[in-house]
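What the coordinates show
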Amino acid sequence: MIPAGFDYHAPTTIGEATALLSRLGDDAKVLSGGQSLIPLLKLRLASPRHLVDINRIPGLGYVKEADGALRIGALTREADLEESEAVRTRYPLLADAARTIADPLVRNLATVAGNLAHGDPANDHPAVMLALGAEIVATGPSGERRIPIVSFFRGPFETALKGDELLTEIRVPAPAPRSGGAYVKLERKVGDFATAAVAVQLTLAADGTCSTVGIGLTNVGLTPIKAEKAEAALRGKRLDEATIREAGQLAADAARPEADLRGSVEYKKDVVRVLTMRALRKAAERAGGDR
Amino acid sequence: MNVQVTINGEKLSADVEPRLLLVHLIREVFRLTGTHIGCDTTHCGACTVLLDGRPVKSCTMFAVQANGREIQTVEGLEQDGALHPLQESFMAEHGLQCGYCTPGMLMTSKAFLEKHPSPSEDDIRRAISGNLCRCTGYVNIVKAVQHAAAKLRATAPAGGAR
């Protein structure tokens, strides 16, 4: 399959890229890892007249801890996240997600930032970042602004990024002591989108109760969903089986899936219920809790 | 646009449309047809090549993106008439039937074994999970990769495989 023709731009600075985006307007798309965009272009579901390839901008591929946050650059590949020592040892939720996205070959090109900027509720990082309470750094011609992840996803394939902005960094708050996370995904086969998946990040207080918790749901709505009622039901509670069951049900209630080849509405909601319970147990265990 | 790439150690260049996919540059412009096109939708991995040493799906990248970079294809595995240990192992362990997925399997396995010289079966299965085979059921492919790993460990100087 051959995409429609386009003009190719390969800026070498962020300033050059945002100036191009500003000038070209709606006719331009940003090309980063390309693992979502190029399939769309080949199917001609999108035919932008200009592609702005940001891969030639140096210094954007990094994972580092600084100033109380894990910072992930615009061109950090999923494989880099998977291999990061910091991620493997201190951000188990990110580590879980990184190894379940698409397949290992796709992960060598696909970027974390692209996974978010694409705005696809079936992608994995959106729910993960909702659970982690991440912050998005967007850079446009007039400078940089920070967007809390809860206000980033506006609709299917629609984000808070403006047409002339690049997603330049993702900041994940460093976990407090006795924190843990987990991403549990049901997929029909490697590389498929999730039937449903649940991201949990939590912190336990000294008395074993849950002091903070974030829960994100993948591919069960038009946007990724933050299961706020389930979170509220857990806060300040010990994570005993009854509490976990209640949270699972509340998360299922928050899901708004559509029936498709992956299952019916009822089935997907029940998958969310079960995966939420599993993710909570795993996250609590990783946080060092005895429940 | 002019694209210059190094393929299997040889510097090559071509004038291409930006929309030309990397796999088409390799197969149709440079006539290296060992790299296959299977699904053409980023699923099957038949088009796998190594880009600066990392396996990628060449149907999901534009040729212009590879400008200035190094590519390895299945044609580069054989050296001076001698098959690569992976190729020998795929023969010895019957790691192929129709052979369509084999170039991709070989390239993914090559990059994988360079990083993981002593992999477990589970590691191998994960590593090739982006390469689909519809004939073998993977059993003999996994055996072939294990066989090659042992061969490479036996022949490689300390510090890594070829």
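Report follows, based on the coordinates. (Residues numbered from 1 in each chain as written. Chains lettered and ligands numbered in written order. Predicted model: local features only at pLDDT ≥ 70, side-chain atom pairs only at ≥ 80, totals over all residues.)

Once that is clear, we can look at the overall build of chain B. Along chain B, the regular secondary structure elements total 5 helices and 5 strands. The C-alpha atoms of chain B give 15 Å as radius of gyration, which agrees with the globular expectation for 162 residues (15 Å, within 12%). With respect to the principal axes defined by its C-alpha atoms, chain B has extents near 45 × 35 × 25 Å. Within the span of chain B, comprising 162 residues, buried residues form 47% of the whole. (Helix = DSSP H or I, 4+ residues; strand = E, 2+ residues; numbered from the N terminus. Rg over C-alpha atoms; globule rule 2.2 N^0.38 Å. Buried ≥ 20, exposed ≤ 12 C-beta atoms within 10 Å, placed from the backbone.)

Moving on, we get to the sheet that holds strand S3 (residues 50-53) of chain A. All names here are of chain A. Within the open sheet, the 3 strands sit side by side as S1-S3-S2. Their pairing is parallel. The sheet terminates laterally at strand S1 (7-9) and strand S2 (28-31), the two strands that pair on one side only. Taking the axes of each pair of neighbouring strands and ignoring which way they run, one obtains an average angle of 25 degrees across the sheet. With 4 bridges connecting them, S2 and S3 associate as parallel partners. Across the sheet, Lys-29 pairs through a bridge with Leu-51, a residue of S3. (Pairing = 2+ DSSP bridges. Axes fitted to C-alpha atoms, helices over the stretch in contact; angles between N-to-C directions.)

Bringing helix H3 (residues 102-115) of chain B into the picture now. Residues and elements named next belong to chain B. End to end, H3 covers 20 Å across 14 residues, agreeing with the expected 20 Å (1.5 Å per residue, within 8%). With 12 of 14 residues buried, H3 lies mostly within the body of the structure. Within the sequence span of H3, burial applies to Thr-102, Pro-103, Gly-104, Met-105, Leu-106, Met-107, Thr-108, Ser-109, Lys-110, Ala-111, Phe-112 and Leu-113. (Expected span 1.5 Å × (residues − 1).)

The next point concerns the interface of chain A and chain B. Counting residues at the interface gives 21 residues for chain A and 23 residues for chain B. Contributions of two or more residues to the side of chain A that touches chain B are made by S1, helix H2 (37-42) and helix H6 (104-107) of chain A. The element contributing the most residues to the side of chain A that touches chain B is H6(A), with 3 residues. Residue classes in the side of chain A that touches chain B are distributed as 12 nonpolar, 6 polar and 3 charged. (Contact = placed C-beta atoms within 7 Å. Nonpolar A, V, L, I, M, F, W, Y, C, P; charged D, E, K, R; others polar.)

This part covers the sheet that holds strand S5 (residues 70-72) of chain B. Residue and element names in this part refer to chain B. With respect to topology, 5 strands assemble into an open sheet ordered S2-S1-S5-S3-S4, the strand pairing being mixed. Whereas interior strands pair on both sides, the edge strands pair on one side only; in this sheet they are strand S2 (10-15) and strand S4 (54-57). Averaged over all adjacent pairs, the angle separating strand axes in this sheet is 40 degrees, with direction ignored. When strand S1 (residues 2-7) meets S2, the two strands line up antiparallel, connected through 6 bridges. Looking across to S2, one finds that Gln-4 is bridged to Ser-13. Relative to the sheet, H3 contacts strand S3 (48-51), S4 and S5, its axis offset from that of S3 by approximately 35 degrees.

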